[in-house]
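The residues making up each chain are set out below.
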Amino acid sequence: MRMKTMIAVFGVLFSAHVLADVTNAEKLVYKYTNIAQSVNPSFKAPSITDGKIFFNRKFQTPSGKEAACASCHTNNPANTGKNIVTNKEIPPLAPRVNTKRFTDLDKVEEEFTKHCNDILGADCAPAEKANFIAYLLTETKPSK
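The chain is annotated in an unreviewed UniProt entry as DUF1924 domain-containing protein from Methylophilus luteus.

In structure tokens:
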């Protein structure tokens, strides 16, 4: 009986942790949507389709190379990726797959700033961030 109780408690705690990360991601979508609407009143809601296009779109980087988010994170953000410069493994971006994503909202901001500047040469627009995270929230299974 005691073992069943421990397993049940662990299951609840694990579920709450996953939910917290998804909730944080959803909070960011809401935040970026509000900012995007204040900058551009015609922006109504995040687009999963636009987020997926943004994720896969190749940009000419400031260094002259062509890269996309998918260059490191594969075409499915639920997959484990690999840094194209260092070959270091990157845990999945999708918060429904990787429970460590979106746990630290300040870190998310830092990573957006860093990666957007590396790839685009400027920070991503709030609408792009809202679309991007909305898309990440839809990916739930790694590719086989």
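A look at the overall build of the chain
When its secondary structure is counted, the chain shows five helices and four strands. Scanning the chain from its N terminus toward the C terminus, one meets helices and strands in the order α-α-β-β-α-β-β-α-α. Looking at the chain residue by residue over its 144 residues, the buried ones come to 33%. Across the chain, every contact between residues at least 6 apart in sequence was considered, and the portion connecting residues at least 24 apart equals 56%.

Overview of the packing of helix α4 (residues 105-120) against helix α5 (residues 126-136)
Axis separation between α4 and α5 bottoms out at 13 Å; the angle between their running directions is 105 degrees. With respect to each other, α4 and α5 are oriented roughly perpendicular. Every residue of α5 that contacts α4 at Glu109, Phe112 and Leu120 is listed here: Glu128, Lys129, Phe132 and Ile133. Looking at the contact of α4 with α5 residue by residue, the class counts come to four nonpolar, no polar and three charged.

Parameters and conventions
- Residues numbered from 1 in each chain as written.
- Predicted model: local features only at pLDDT ≥ 70, side-chain atom pairs only at ≥ 80, totals over all residues.
- Heavy atoms only, no water.
- Helix = DSSP H or I, 4+ residues; strand = E, 2+ residues; numbered from the N terminus.
- Buried < 20%, exposed > 50% of the residue type's maximum accessible area, 1.4 Å probe, protein only.
- Contact = heavy atoms within 4.5 Å.
- Axes fitted to C-alpha atoms, helices over the stretch in contact; angles between N-to-C directions.
- Parallel < 35°, antiparallel > 145°, perpendicular 65-115°, else oblique.
- Nonpolar A, V, L, I, M, F, W, Y, C, P; charged D, E, K, R; others polar.

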